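Here is how the chains run, residue by residue.
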Amino acid sequence: MRLSFKGGIHPLRERHEGKNASKGQPIRAYIPQSVCIPMDMHIGAPSAPVVAKGDRVKMGQVIATAVGGIGIPVHASVSGEVVAVSQKQLLGKNPSTCVEIRNDLQDEWTELTPLGEAETAPAERIIQAVRDAGICGMGGACFPTHAKMSLPEGKSVDTVILNGAECETFLTSDHRLMLEEPGRVVDGLRLIMRAMKVSRGFIAVEENKMDAVKAMQEAARGREGVSVVVLKTKYPQGGEKQLIEAVTGRQVPSGGLPMDAHVNVFNVGTAAAVADAVILGRPLVSRVTTVTGCVKEPANLLLRIGTPVQEAIDAAGGCSEEPGKVFLGGSMTGIAMPDTSMPMTKANNGIVVMGQKEAVVAPPTPCIRCARCLAACPIRLNPQRLKELCDQQDYAKAKKEHVMDCIVCGACSYVCPAKLELSPAFKEAKDKITARRI
Ligand code: SF4
Ligand code: SF4
């Protein structure tokens, strides 16, 4: 049986999926000459640097400490010399403090302290080990993982779902991780389940990755409480609410969180990082990122955190034509970069280069009230009505009509024949409602 949710779109059926170029490419490591590591890669207060220009650091050494309750530390992703601690402009953020390290190419690790194996590590110490390793949601959410694993008073969870849907167009990094490192993913799931005292764990994978399903099933064999489920290939199948609905049949209430449906969801890459943190004592210093689109050698690269995006593109053979746009993330939810010298962060699962022709956006025309956006919306909102309210800047009314529940998936914009920029308008409305406390 293939599990799914109501609404959504089918980029695969419409041949816009874009995964073929990189899905067969094994993960390969790329070592940068230098890294520029931002202090605010996660949700919560930026970390506080504890190194200065001229310091020598080892790989995995703490270079910034956690600030605030949900804060996490940041670690050196190469060994070498700190050449600057300065402010840099990052994508979609205010200028951020970054630590630049020149790589000595020795990969000399700091001393690591493993906690134990997946089934024997002391359960009460797992969450602290995850915090110390600086792990945040690697599917793009960037929410600190230890905070997600620590439930507030009165809340309970009976199910953990690992998100291996990877429904976003172009991206294949999770696919390759599940195919090549399924044991790490299952170990991470078991550690999360043990720390949260949850007996039921699912690894949910879309049916366009049956090789990964098989690899995960083999790795999960004999592991207590772990099952692999197959999802329909549909966008946004990997949205938390859609995943929970598909796997458990439960609905997350409007304005609620997965824990309100007694479920917690983690990305498969996050689970693998949890396994590294506990079993090897390794902090999060690298991640798998798909580099694809108009590049000569589409690839799934194991990149050090802080690698400049342009270097990653060059590691994939460079651009195959004059680029029109470079996205961090897939084409549905990715953000266009103004400057490819910016560094990649813990959340960056993809770099997609679009040619000049593909990057041209058709001009919008008036709404023809076809209702396609209503049928596509996985949250069952009325995008056409919400757009009218956003155009009128009537954010109070838009809030009443649940714009805050919009997950900015872009499904409505994708199907709109009038080429209206629906989801960007909803993102702006959500930001304004939050900033103005409407
Ligand atoms: S899909 Fe576009 S044209 Fe059709 S109703 Fe929605 S906003 Fe209007
Ligand atoms: S962007 Fe928002 S309104 Fe549009 S389909 Fe996604 S959830 Fe619905």
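Residues numbered from 1 in each chain as written. Chains lettered and ligands numbered in written order. Predicted model: local features only at pLDDT ≥ 70, side-chain atom pairs only at ≥ 80, totals over all residues.

Peer 1: I'd love a proper account of the site of ligand 2, names of residues and values included.
Peer 2: If you check the shell around ligand 2, you find 16 residues, and the closest are C377, C406, C409, C412 and S423. Elements supplying a minimum of two residues to the shell around ligand 2: helix 14 (411-415) and helix 15 (422-436). Looking at the shell around ligand 2 element by element, the count peaks at 3 residues for helix 15. For the shell around ligand 2, the residue count by class is 14 nonpolar, 2 polar and no charged. (Near = placed C-beta within 6 Å. Helix = DSSP H or I, 4+ residues; strand = E, 2+ residues; numbered from the N terminus. Nonpolar A, V, L, I, M, F, W, Y, C, P; charged D, E, K, R; others polar.)

Peer 1: Residues and numbers for the sheet that holds strand 14 (residues 299-304), please.
Peer 2: Spatial strand order, 1-14-13-17-15-16: 6 strands in an open sheet with mixed pairing. Sheet topology places strand 1 (27-30) and strand 16 (335-336) at the edges, where each strand pairs with a single neighbour. In this fold helix 4 (residues 173-180) packs onto strand 1, strand 13 (286-293), strand 14 and strand 17 (350-355), with an angle of close to 125° to the strand it touches most, strand 13. (Pairing = 2+ DSSP bridges. Contact = placed C-beta atoms within 7 Å. Axes fitted to C-alpha atoms, helices over the stretch in contact; angles between N-to-C directions.)

Peer 1: Describe in detail the environment of M196, supporting the description with residues and values.
Peer 2: Summarising the element assignment, M196 is placed in helix 5 (residues 182-196). Owing to 21 C-beta atoms within 10 Å, M196 belongs among the buried residues under this scheme. Each C-alpha atom, one on M196 and one on I368, is 49 Å from the other, the two residues being 172 residues apart in sequence. (Buried ≥ 20, exposed ≤ 12 C-beta atoms within 10 Å, placed from the backbone.)

Peer 1: Any chance you could break down the environment of S413 for me, citing the residues and the numbers?
Peer 2: With respect to the secondary-structure elements, S413 resides in helix 14. When the C-alpha atoms of S413 and I126 are compared, they prove to be 41 Å apart, with 287 residues separating the residues in sequence. Beyond its immediate chain neighbours, meaning those up to four positions away, S413 contacts E421, L422 and S423.

Peer 1: Which residues make up the pairing of strand 15 (residues 323-328), and what values go with them?
Peer 2: Where strand 15 lies against strand 17, 5 bridges are found, and the strand directions are antiparallel. Paired with K325 across the strands is M354, a residue of strand 17. Pairing analysis gives 2 bridges linking strand 15 to strand 16, with the strands arranged antiparallel. Across the sheet, residue F327 finds its bridge partner in strand 16, namely A336. The turn linking strand 15 back onto strand 16 is made up of 6 residues, and G329 within it adopts a positive phi angle of 100°.

Peer 1: An account of the site of ligand 1 is needed here, citing residue identities and associated values.
Peer 2: Close contacts around ligand 1 come from 15 residues, with C367, C370, C373, C416 and A418 the closest. Those elements that place two or more of their residues in the shell around ligand 1 are helix 11 (372-376) and helix 12 (383-391). In terms of residue count, helix 12 provides more of the shell around ligand 1 than any other element does, 3 residues in total. A breakdown of the residues in the shell around ligand 1 according to their chemical character gives 11 nonpolar, 1 polar and 3 charged.

Peer 1: Please provide a residue-by-residue account of helix 6 (residues 210-220), values included.
Peer 2: Turning to helix 6, its buried residues are A212, V213, A215, M216, A219 and A220. Looking straight down helix 6, one finds its buried side chains confined to an arc of 165°; they lie on one side. Exposed and oriented more than 90 degrees from the buried face of helix 6 are M210 and E218. (Arc of directions from axis to C-beta.)

Peer 1: Lay out the domain arrangement of the protein chain with the relevant residues and their values.
Peer 2: Structurally, the protein chain comprises domain 1 (130-280) and domain 2 (372-436). The interface of domain 1 with domain 2 comprises 6 residues on the first partner and 7 residues on the second. Of the residues belonging to the side of domain 1 that touches domain 2, the class tally is 2 nonpolar, 4 polar and no charged. (Domains from an automatic or database assignment.)

Peer 1: I'd love a proper account of unusual backbone geometry, names of residues and values included.
Peer 2: Across the junction of Y235 and P236, the peptide omega takes the value 0°, indicating a cis bond. Not every positive phi belongs to a glycine, and D107 is a case in point at roughly 45°. Residue placement: D107 occurs in the loop between strand 8 (96-103) and helix 2 (123-132). Within the chain, Q393 stands out as a residue other than glycine whose phi angle is a positive 55°. Residue placement: Q393 occurs in the loop between helix 12 and helix 13 (395-400). Taking the C-beta count within 10 Å as the criterion, Q393 has 11 such neighbours and is therefore assigned exposed.

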